[in-house]
Amino acid sequence: QLHVGFYSNTCPQVESTVHDVVREAVLFDRTKAAVLLRLHFHDCFVEGCDGSILINTTQNPEKTAFPHAGVKGFEVIERAKAQLEASCPGVVSCADIVALAARDAIVMANGPAYQVPTGRRDGFVSDKSLAGNMPDVNDSIQQLKTKFLNKGLTEKDLVLLSAAHTIGTTACFFMRKRLYEFFPFGSDPTINLNFLPELKARCPKDGDVNIRLAMDEGSDLKFDKSILKNIREGFAVLASDARLNDDFVTKSVIDSYFNPINPTFGPSFENDFVQSMVKMGQIGVKTGSVGNIRRVCSAFN
Ligand code: HEM
Ligand SMILES: [Ca+2]
Ligand SMILES: [Ca+2]
C-alpha cells in the first residue's frame, strides 16, 4: 500500500517543495493552516483520499456539494503541483500533495510533525452527488460514530480527528441550530452558561451567517489540546464537538488526555492524533495501476 518516501527516487524534492509552498502560504495568511487541514479530511471522506474534491471541470464537481461548502486552499495545492510538474513531470499525485500539505499545515500551527505515507493516485470521478455521507455539524453522536466507522475509523479516531478543530473558524451559519433551534430548549443545554451569551452575541439570530468564530475559543491559531479542554467544560463551539462529551465512550477518550493522577505518563494527544491522521489518510486510497497522476489538480488529464 502506501509507504513513507514513495517518491524518494522519482521525485526526491516532493516533501521540501510542498513544505515550502505551504510555509509561504501560512506565513502570508495564518488561517490557511486550518484550511489545508480541512481540505484533506473532505478529500478522504468522499471517494477516498484521491483528489476528487479538487476537480473544477466536470458538470457537477464534487466541490459544489453542500457538505463541502467553504472548503478552500485549492490554490495552494495547485501551486505545489505546478512546481512539481516542472521538476518531476507526471510523478506526484494531487492526493499526496493534499496529504503532505495537511501535515505541513499542522506543523506551521505548532502541531506535531509526522511522516506521511505516500503513493496515492488520483481518482477519475468527481460528482456533487457523492458527498452525501459527510458528517454534518448537527449529526447525533451515533450518526457521527457510524459515519466514521464506515470509513474504518473508531470512536477514538472520531475524537482525535474532531480535535483538528483546535485550529480554524466556523461560519455562524453552522451555529444557528445549536444556538436558536435546539430541541426542546432553543439552545443546546450543554453550552456552558457563561459561554452561551457570548456565542449568541457573536452569532446573533438574524445576523450575518458569514461571520466567523474560532472553534477552539482562545486558541484558534495554535494546534494544541485546548479544544478537548473546552469540549469537556462546555466551551465547545461546534455542536458535533459538543456531542463528543455527551457519550460515555467518546467522553472517556477525551478524559484520558486529562488524567489528574498521571499527567505526564498518560496517553499523548499529539501522538494519538497523528496516528489517527495517518489512518484517515489511507481511506479508500488508489494505488498501483488504479487511478492516475493528474497534470493539473483541478482537471482530469
Ligand atoms: C466529526 C465530523 C466533523 C464535522 C461535523 C465538522 C464540521 C465542521 C464545520 C461545520 C466547520 C466550519 C466550516 C466553515 O464554516 O467554513 C469545520 C471546520 C473545520 N474542520 Fe471540521 N468537521 C468534522 C471533522 C473534521 C476532521 C476529521 C477534520 C480534520 C482532521 C476537520 C478539520 C476542520 C478544520 C481544520 C476546520 C477549520 C477550517 C477553516 O478555518 O477554514 N474537521 N468543520
Ligand atoms: Ca476524495
Ligand atoms: Ca487550539
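- For the chain, an unreviewed UniProt entry supplies the name Peroxidase and the organism Medicago truncatula.
- Per its UniProt entry, the chain bears the Function (unreviewed entry) comment "Removal of H(2)O(2), oxidation of toxic reductants, biosynthesis and degradation of lignin, suberization, auxin catabolism, response to environmental stresses such as wounding, pathogen attack and oxidative stress. These functions might be dependent on each isozyme/isoform in each plant tissue."
- Checking UniProt for the chain, the heading Catalytic activity (unreviewed entry) contains the comment "2 a phenolic donor + H2O2 = 2 a phenolic radical donor + 2 H2O".

A closer look at the UniProt feature "binding site: Ca(2+) 2" (unreviewed entry) in the chain
Thinking step 1. UniProt annotation of "binding site: Ca(2+) 2" (unreviewed entry) refers to Thr166, Asp216 and Asp224 when read in the numbering used here. Despite a sequence span of 59 residues, these residues sit close together in the fold, their greatest C-alpha distance being 9.5 Å.
Thinking step 2. For Thr166, a count of 27 C-beta atoms within 10 Å gives the class buried.
Thinking step 3. For Thr166, the contacting residues outside a window of four places in its chain are Asp216, Ser219, Phe223, Asp224, Ser226 and Ile227.
Thinking step 4. A residue is classified by how many C-beta atoms lie within 10 Å of it, and Asp216, with 30 of them, is buried.
Thinking step 5. Those residues within four positions of Asp216 in sequence are excluded, and the remaining contacts are His165, Thr166, Ile167, Ser226, Ile227 and Asn230.

Observations regarding the site of ligand 1
Thinking step 1. Within the structure, ligand 1 sits among 23 residues, and Ala34, Gly70, Pro135, Ala164 and Gly168 are positioned closest to it.
Thinking step 2. Mapped by element, the contributors of at least two residues to the shell around ligand 1 are α2 (32–45), α6 (155–162) and β1 (169–171).
Thinking step 3. A total of five residues in the shell around ligand 1 trace back to one element, the largest contributor, which is α2.
Thinking step 4. Classifying every residue of the shell around ligand 1 gives 13 nonpolar, eight polar and two charged.
Thinking step 5. Two domains share the shell around ligand 1, each providing at least three of its residues, namely domain 1 (14–133) and domain 2 (141–277).

Quick look at the nonpolar core
Thinking step 1. Formed by 78 residues in total, the largest nonpolar core has its most connected members in Val22, Leu36, Ala101 and Ala105.
Thinking step 2. With 11 residues, the top contributor of residues to this core is helix α4 (residues 94–108).
Thinking step 3. The residue makeup of this core includes at least three contributed by each of domain 1 (14–133) and domain 2 (141–277).
Thinking step 4. Here Val22 is in contact with Leu36, Val76, Ala101, Asp104, Ala105 and Met108, once residues within four sequence places are set aside.

A word on helix α12 (residues 269–280)
Thinking step 1. For α12, spanning 12 residues, the distance from its first C-alpha to its last is 16 Å, which sits close to the expected 16 Å at 1.5 Å a residue.
Thinking step 2. When we look at burial in α12, the residues that qualify are Phe269, Phe273, Val274, Ser276, Met277 and Met280. Down the axis of α12, the smallest arc covering the buried residues is 160 degrees, so these residues share one side.

The rules behind these values
- Residues numbered from 1 in each chain as written.
- Chains lettered and ligands numbered in written order.
- Predicted model: local features only at pLDDT ≥ 70, side-chain atom pairs only at ≥ 80, totals over all residues.
- UniProt positions renumbered as here; feature names shortened; annotations may be inferred.
- Buried ≥ 20, exposed ≤ 12 C-beta atoms within 10 Å, placed from the backbone.
- Contact = placed C-beta atoms within 7 Å.
- Near = placed C-beta within 6 Å.
- Helix = DSSP H or I, 4+ residues; strand = E, 2+ residues; numbered from the N terminus.
- Nonpolar A, V, L, I, M, F, W, Y, C, P; charged D, E, K, R; others polar.
- Domains from an automatic or database assignment.
- Core = buried A, V, L, I, M, F, W, Y, C linked by C-beta atoms within 7 Å.
- Expected span 1.5 Å × (residues − 1).
- Arc of directions from axis to C-beta.

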